[in-house]
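The residues making up each chain are set out below.
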Amino acid sequence: MWAIVVILGVVGIYKTDSMQSFQQHSNHNPVYEFVWAVPCENGLRSSGYSVVPTGRLFLKQVNKDGTVGAVCSD
């Protein structure tokens with residue numbers, strides 16, 4: 001029973017407006033790096049699209065060339 005609740009929760013998260021926008025602006029690279037807990041807001045920035053449910057960013061998507069750019073910069 002708990003597995004069904006978890007699966008439905010994950011599916012529900014992927015259907016939110018924030019995740020839909022992230023998928024549109026993503027570089028489609030499935031590799032992420034941990035970064036310092038940077039205060040940030042949801043939305044499109046010059047450094048990429050951020051999804052920040054807690055108000056602080058902890059993961060940054062790695063660029064196609066393997067570098068990690070600026071975190072949550074305008």
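So, how was this worked out
- Residues numbered from 1 in each chain as written.
- Predicted model: local features only at pLDDT ≥ 70, side-chain atom pairs only at ≥ 80, totals over all residues.
- Heavy atoms only, no water.
- Helix = DSSP H or I, 4+ residues; strand = E, 2+ residues; numbered from the N terminus.
- Buried < 20%, exposed > 50% of the residue type's maximum accessible area, 1.4 Å probe, protein only.
- Contact = heavy atoms within 4.5 Å.
- Areas by Shrake-Rupley, 256 points an atom, 1.4 Å probe, with all protein chains shown as cover.
- Lys, Arg positive; Asp, Glu negative; His and termini not counted.
- Salt bridge = Lys/Arg side-chain N within 4 Å of Asp/Glu carboxyl O.
- Patch = residues over 30% accessible without salt bridge, like charges linked within 9 Å, V, L, I, M, F, W, Y side chains within 5 Å.

Student: What is the right way to look at the overall build of the chain in this model?
Tutor: When helices and strands are tallied, the chain shows two helices and four strands. Written out in order from the N terminus, the α and β elements of the chain read α-α-β-β-β-β. For the chain, with 74 residues in total, the buried portion stands at 23%. Put simply, 56% of the contacts in the chain that link residues at least 6 apart link residues at least 24 apart. For the chain, the accessible area works out to roughly 5500 Å², and carbon and sulfur atoms hold 63% of it.

Student: Explanation requested: the side chain of Lys60 in the structure shown.
Tutor: In this fold, Lys60 is placed in strand 4 (residues 56–61). No salt bridge is formed by the buried Lys60; the nearest opposite charge belongs to Asp65, separated by 10 Å. Not counting residues up to four positions away in its chain, the partners in contact with Lys60 are Val31, Tyr32, Glu33, Val35, Ser47, Val68, Gly69, Ala70 and Val71.

Student: Is there a simple way to think about unusual backbone geometry in this case?
Tutor: With glycine set apart, most residues show a phi of negative sign, and most peptide bonds adopt trans. Despite not being glycine, His28 shows a phi value in the positive range, around 60°. Note that His28 resides in the loop between helix 2 (17–25) and strand 1 (32–39).

Student: In this structure, what is going on with a nonpolar patch on the surface? I would like to understand it.
Tutor: There is a patch of nonpolar side chains on the surface, built from Tyr32, Phe34, Phe58 and Leu59 and spanning about 460 Å² of accessible area. Elements with a minimum of two residues in the nonpolar patch: strand 1 and strand 4.

Student: It is not clear to me how the environment of Phe58 should be interpreted in this structure. Could you clarify?
Tutor: Along the chain, Phe58 turns up in strand 4. Classification of Phe58 by relative accessible area gives partly exposed; the value is 42%. Separated by 21 residues in sequence, Phe58 and Ala37 place their C-alpha atoms 5.1 Å apart. Residues in contact with Phe58, not counting those within four places in the same chain, are Glu33, Phe34, Val35 and Ala37.

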